[in-house]
Amino acid sequence: MKKIMKTLLKILSFIGVFILMIIITLYSSLLLICYGPSKEARNIFTTTLLETGALKFVVHLVLPSSTIKEIVNANSLKDMKEDVNTELISIENTQSDDIVIEEVNGSNFHGTMMIVSNPKRVKVATTYPFTEYGKTLDKIVKENDAIGGVNGGIYQSTANKGGYPMGVVVSDGKIVWNSPYGVGYYLIGFDNNDILKILSLNGLSTTDVEKLVADEGIRDAVTFQEEASDANNHFVKLIVNGEKRESNGLGSGANPRTAIGQRKDGTVLLLVTDGRGSNGHLGATASDLIEVMESYGAVNAANIDGGSSSTMYYKDEYLMTSVTLYYSNSSWRLPEAFIITK
């Protein structure tokens, strides 16, 4: 019995030393990134981790709050107050029903662009009445007899339950979720004329939201967040009325992204990129999204929910999926999504 105990203690000691060595190595690597010769590596490391749901704390282990704030300010987007000018979008009655899928590649990301010629086909589908658990994108698409879709707005993603949206959700002209009380919320979606709108919800009550949706004639929309700090790092507007949003540095960290845009003829652009180690890529920055959307002719474009939520489904297969191995051919559970009708 004593021999067994001694052997067991030796094994446990070995495991303990091994784990300690791993921790020391990882911490030393973090210190090298943050205090090494490359400020660019430090900045991308910091801004990227601050955008994650679970790893924000890592940054605070190695950098003081003052430095974190300095880095965020040096890699952020400048304010953009312009509203969408609907007169710049002219949708033809003869709009085709074509859908084109194209690969998009950047220096540190791979993406897929879905080009939907007819904006009437882009709608918001939900799991209403909402419960604790949402549904994967393929289920949302199939249950609505659609041909494809991408993830939508911000939602409660804790433990991948995904049952409840955040902000405001409009589907088929009806407000199915109305909770506008969040920092920097924007309503992103289409009006009854099939024009993409990006509307601030700042300071609005639920009654104000009802009036806004009615006055603007919103038919389908989700919410995302414009907020940048060491607690969060979200952004919404990318291009408004053909003008690119100006940025400091990269504009943001590098992560998986989902963005929506519209050309002057009404064509809808849906972009999803990878990141967080998928295919060896860190992901797309705000500057990357702006450049891609501009190159595809977007007059207006907005960033929507990204990270592990970023996903695209089309014709019974995932073209882009969330980055975790468990969901390599699926998606996180979602309460709503932008879908493309058949």
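Before reading on, note that the structure itself is shown above.
Scoring rules and cut-offs
- Residues numbered from 1 in each chain as written.
- Predicted model: local features only at pLDDT ≥ 70, side-chain atom pairs only at ≥ 80, totals over all residues.
- Heavy atoms only, no water.
- Pairing = 2+ DSSP bridges.
- Helix = DSSP H or I, 4+ residues; strand = E, 2+ residues; numbered from the N terminus.
- Axes fitted to C-alpha atoms, helices over the stretch in contact; angles between N-to-C directions.
- Patch = residues over 30% accessible without salt bridge, like charges linked within 9 Å, V, L, I, M, F, W, Y side chains within 5 Å.
- Areas by Shrake-Rupley, 256 points an atom, 1.4 Å probe, with all protein chains shown as cover.
- Salt bridge = Lys/Arg side-chain N within 4 Å of Asp/Glu carboxyl O.
- Buried < 20%, exposed > 50% of the residue type's maximum accessible area, 1.4 Å probe, protein only.
- 1 Å grid on protein atoms, 1.4 Å probe; cavity = no way out; pocket = protein on both sides within 12 Å on 5 of 7 lines; lining within 4 Å.
- Points joined across faces, edges and corners; volume = space filled by probe spheres on them.
- Nonpolar A, V, L, I, M, F, W, Y, C, P; charged D, E, K, R; others polar.
- Core = buried A, V, L, I, M, F, W, Y, C linked by side-chain atoms within 4.5 Å.
- Contact = heavy atoms within 4.5 Å.

Pulling in residues and values, what's your account of the sheet that holds strand S4 (residues 146-151)?
One open sheet accounts for five strands, arranged S3-S19-S4-S17-S18; its pairing is antiparallel. With one partner strand each, in any of the chains shown, strand S3 (122-126) and strand S18 (317-320) form the two edges of the open sheet. Pairwise comparison of adjacent strand axes, ignoring direction, gives a mean angle of 30° for this sheet. As paired elements, S4 and strand S19 (residues 336-341) share five bridges and run antiparallel to each other. The residue bridging Val150 from the neighbouring strand is Phe338, located in S19.

Which residues make up the pairing of strand S12 (residues 237-240), and what are the values?
In this sheet, strand S16 (residues 300-304) lies alongside S12 in antiparallel orientation, the contact comprising two bridges. Each bridged residue has a counterpart across the sheet, and for Lys237 the counterpart in S16 is Ala302. Where S12 lies against strand S13 (residues 243-244), two bridges are found, and the strand directions are antiparallel. Pairing of Ile239 across the sheet is with Lys244, part of S13. Where S12 hands over to S13, the hairpin turn is made up of two residues, of which Asn241 adopts a positive phi near 55°.

Explain a nonpolar patch on the surface to me, using residue names and the numbers behind them.
A cluster of nonpolar side chains, contributed by Ile11, Ile15, Phe18, Ile19 and Ile22, occupies part of the molecular surface with about 430 Å² of accessible area. Of the residues examined, Ile19 reaches a relative accessible area of 44% and is grouped as partly exposed.

Let's hear about the pairing of S4: which residues, and what values?
Consecutive side chains along a regular strand alternate between the two faces of the sheet. Among the six residues that make up S4, six are buried, leaving the element largely enclosed by the rest of the structure. In this sheet, strand S17 (residues 312-314) lies alongside S4 in antiparallel orientation, the contact comprising three bridges. Across the sheet, residue Gly148 finds its bridge partner in S17, namely Tyr314.

Give me the layout of surface pockets: which residues, what numbers.
In this structure, the largest pocket encloses a volume near 530 Å³. Around the largest pocket, the lining comprises 26 residues; the ones closest to its centre are Glu51, Gly53, Ser157, His234 and Asp305. Of all the elements in the fold, those that place two or more residues in the lining of the largest pocket are strand S9 (218-225), strand S11 (233-234) and S16. Grouping the amino acids of the lining of the largest pocket by side-chain chemistry returns eight nonpolar, 13 polar and five charged. The space that makes up the second largest pocket amounts to roughly 300 Å³. Phe45, Thr48, Leu49, Leu55 and Leu282 are, among the 13 residues lining the second largest pocket, the residues nearest its centre. For the lining of the second largest pocket, the element with the most residues is helix H2 (residues 39-50), which contributes five residues. Of the residues that constitute the lining of the second largest pocket, the class distribution is eight nonpolar, four polar and one charged.

Go over the nonpolar core with me, naming the residues and quoting the values.
If you look at the biggest cluster of nonpolar residues, it comprises 31 residues, and the most contacted ones within it are Met114, Val116, Ile188, Ile260, Leu270, Phe338 and Ile340. Among residues more than four places away in sequence, those in contact with Val116 are Asp98, Ile99, Arg121, Val122, Thr267, Val268, Leu270 and Ile340. Formed by 20 residues, the second largest nonpolar core is a distinct cluster that contains Val104, Leu269, Ala284 and Met293.

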